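The residues making up each chain are set out below.
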Amino acid sequence: MSHLDDIPSTPGKFKMEKSPFIHSRMRWHWQSSLAKLTFWSIVFFCLILIFFFRSPSSNPLLQDPYRRSLRTYNWGGPAWEKRVRSSARVRSRNGFSVLVTGAAGFVGTHVSSALKKRGDGVLGLDNFNDYYDPSLKRARQELLERSGVFIVEGDINDSALLMKLFEVVAFTHVMHLAAQAGVRYAMENPGSYVHSNIAGFVNLLEVCKSANPQPAIVWASSSSVYGLNNKVPFSEKDRTDQPASLYAATKKAGEEIAHTYNHIYGLSLTGLRFFTVYGPWGRPDMAYFFFTRDILKRKPIPIFEAANHGTVARDFTYIDDIVKGCLAALDTAEKSTGTGGKKKGPAQLRVYNLGNTSPVPVSTLVSILERLLKVKVKRNIMKLPRNGDVQFTHANVSLAQRELGYKPTTDLQTGLKKFVKWYTSFYSGGKKAAG
Ligand SMILES: O=C(O)[C@H]1O[C@H](OP(=O)(O)OP(=O)(O)OC[C@H]2O[C@@H](n3ccc(=O)[nH]c3=O)[C@H](O)[C@@H]2O)[C@H](O)[C@@H](O)[C@@H]1O
């Protein structure tokens, strides 16, 4: 019989014998148990430490926004100020001096480049976060640098940096495009939306309101603010109090915050509700972009459909049309009316839809890509997940047409052709030639 057979399986029923042999064995057993306990406690403690420091996705305290806000950026010094001044220098008569936040982003890159081309002074600001592949942002930065646009590396939550920028340059306009984008990611990392779209926006407005002169601000809202509104096409007068995602809620909050800063401080503010913008240099987290990548890899494509086989559709809007809308919003923006944080009179407050006015089903988007890429697509029809997506979007742009002269001219087929041309060139090693 092995000594293990002496130990009853039911705890508490074991009767201790008073034998010295058993005593020493018990002591040895106790000591070895203590050693084991200490050993496993250390292992457990180490595992907790590893988990804490290496796993941001499972630890809300260390998720992206907080890590990002802890990042330090190098800025300042005479050489840096010289670059800032030179990039923001106006080169055309009556040109603007524009601070573009999110300049290394998709829309930011295109708008910065268009402004620079027509002789405006442009200074970029971007935190180069890793929401999607930062190397794409770096490639956009290179592109802008070649046309004379300097992107300052920093966060819109950094008041000291923003104040420094306004001290060095008297910006006439701010094109605010820095944001945490993406509808579905809001369920994974809600904090990043609050950090960028609310706290960051407020911080920027705080600095703008105190600037002398105050700049006029044009900023990116989103078609997602229409949420569960089902009156089509979406007009600026429709309900926007039923957001379907936290992303949408933060953009809607931005519109209300804009109202407050306009009301109290006389800041001129224009919000642009973009409708699913696509095109060359686009965002890899968007469906048209990753569908292209996955079709080329022969992977099945998940196509969402609503209840009862309902079609899911988007008012896909080509980037060049959006850029025209952004420039027109800057051109028609009136001056802010405050000085040194005090309102001197009523200021302009506007909101416009910038869409394409012709929604296309996601299944048609896939068919167009299939033809352009010449690859037979494996379709995987799936129920629209409850993750913030709405069934359809459709812009009424008559207000933007009337007041901004906005008129979209690119249909999805034409726009995707340009995107695919850029994509294949960019990702076939010719990254620099893809501009
Ligand atoms: O219009 C807007 O305001 C928003 O447009 C896009 O959001 P979304 O329209 O959802 O764009 P995608 O994520 O590219 O999705 C496009 C369509 O593809 C569908 N989809 C997406 C992913 C997928 O796997 N399958 C699929 O069918 C979506 O349901 C949606 O109808 C942007 O991601 C947002 O940042 C932006 O603010």
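Conventions and cut-offs
Residues numbered from 1 in each chain as written. Predicted model: local features only at pLDDT ≥ 70, side-chain atom pairs only at ≥ 80, totals over all residues. Heavy atoms only, no water. Salt bridge = Lys/Arg side-chain N within 4 Å of Asp/Glu carboxyl O. Helix = DSSP H or I, 4+ residues; strand = E, 2+ residues; numbered from the N terminus. Buried < 20%, exposed > 50% of the residue type's maximum accessible area, 1.4 Å probe, protein only. Axes fitted to C-alpha atoms, helices over the stretch in contact; angles between N-to-C directions. Parallel < 35°, antiparallel > 145°, perpendicular 65-115°, else oblique. Left-handed = near helix turned anticlockwise from the far one by under 90°. Contact = heavy atoms within 4.5 Å. Nonpolar A, V, L, I, M, F, W, Y, C, P; charged D, E, K, R; others polar. Phe/Tyr/Trp six-rings, centres within 6.5 Å; stacked < 30°, edge-to-face > 60°. Lys NZ or Arg CZ within 6 Å of the ring centre and 35° of its normal. Pairing = 2+ DSSP bridges. Near = heavy atom within 4 Å. Polar contact = N/O pair within 3.5 Å; in protein donor to acceptor, adjacent residues only side chain to side chain. Areas by Shrake-Rupley, 256 points an atom, 1.4 Å probe, with all protein chains shown as cover. Expected span 1.5 Å × (residues − 1).

Novice: I would appreciate a short explanation of the pattern of salt bridges in the present structure.
Specialist: Here the idea is simple: oppositely charged side chains can pair when their charged atoms come close. For the structure shown, the criterion picks out 19 salt bridges. Here R83 and E145 are joined by a salt bridge, their closest N and O atoms 3.8 Å apart. Residue R83 is located in helix α3 (residues 78-88), and its partner E145 is located in helix α5 (residues 134-146); the two are separated by 62 residues in the primary sequence. Accessibility expressed as a relative area gives 36% for E145, which makes it partly exposed. A salt bridge links R293 to D294, with the nearest nitrogen and oxygen atoms 3.2 Å apart. The exposure class assigned to R293 is partly exposed, which follows from its relative accessible area of 31%. The exposure class assigned to D294 is buried, which follows from its relative accessible area of 10%. Among the charged side chains, a salt-bridge network with shared partners connects E81, R85, K164 and E167.

Novice: I tried to follow the packing of helix α9 (residues 287-296) against helix α11 (residues 362-373) on my own but got confused; where do I start?
Specialist: Packed helices, taken two at a time, are described by the angle their axes make and the gap between the axes. For the pair α9 and α11, interaxial distance at closest approach is 10 Å and the crossing angle is 45 degrees. One finds that α9 runs oblique with respect to α11. Relative to α11, the crossing made by α9 is right-handed. On α11, the residues that touch Y288, F291, T292, I295 and L296 of α9 are V362, L365, V366, L369 and L373. Of the residues that constitute the contact of α9 with α11, the class distribution is nine nonpolar, one polar and no charged.

Novice: How should I be thinking about the packing of aromatic side chains in this particular structure?
Specialist: Centre distance and the angle of the planes are the two values used to describe a pair of aromatic rings. As enumerated under the stated definition, the model contains 31 aromatic pairs in all. Here the aromatic rings of Y131 and Y132 are separated by 6.0 Å at their centres, their planes lie at 65 degrees, and the arrangement is edge-to-face. The two residues Y131 and Y132 agree in class, both being buried. Geometrically, the ring pair formed by F426 and Y427 is edge-to-face, given 4.8 Å between the ring centres and 85 degrees between the ring planes. Judged by relative accessible area, F426 falls into the buried class, the value being 1%. Under the relative-accessibility criterion, Y427 is labelled partly exposed at 35%. One aromatic cluster in this structure is built from Y278, W281, Y288, F289, F316, Y318, F419, W422, Y423, F426 and Y427. Of note, K137 hangs over the ring of Y132, and the distance from its end group to the ring centre comes to 4.7 Å.

Novice: What is the right way to look at the sheet that holds strand β4 (residues 173-176) in this model?
Specialist: Think of a sheet as strands paired side by side through backbone hydrogen bonds, with each pair either parallel or antiparallel. The strand order across the open sheet built from seven strands is β3-β2-β1-β4-β5-β6-β11, with neighbouring strands paired in parallel fashion. Looking at the sheet topology across the chains shown, the edges are occupied by β3 (150-153) and β11 (349-354). For this sheet, the mean inter-axis angle between neighbouring strands, taken without regard to orientation, is 20 degrees. Of the pairings in the sheet, the one linking strand β1 (residues 97-101) to strand β2 (residues 121-126) comprises five bridges and is parallel in character. Along β2, the bridge assignment pairs S97 with G121. Contacting β5 (216-222), β6 (269-274) and β11, helix α8 (residues 246-265) crosses the sheet at an angle of about 155 degrees to β5.

Novice: When you look at the site of the ligand in this model, what are you seeing that I'm missing?
Specialist: In the vicinity of the ligand, 24 residues are found, and the nearest of them are R184, S222, S223, Y247 and A287. Separating an oxygen atom of the ligand from a side-chain N or O atom of D389 is a distance of 3.2 Å. Protein chains shield 95% of the accessible area of the ligand, which is 700 Å² for the free molecule. Here the residues of the shell around the ligand sort into 15 nonpolar, five polar and four charged.

Novice: Can you walk me through α11 in this structure?
Specialist: An α-helix turns once per 3.6 residues; consequently, residues spaced three or four apart project the same way. The end-to-end C-alpha separation of α11 is 16 Å, in line with the 16 Å expected for 12 residues at 1.5 Å each. Taken together, the buried positions of α11 are V362, L365, V366, I368, L369, E370 and L373. Those residues of α11 that are buried lie in contact with α9, β8 (301-305), β9 (313-314), β12 (360-361), β13 (379-383) and α13 (412-426). Within two residues after α11, K374 carries a phi angle of roughly 55 degrees, on the positive side.

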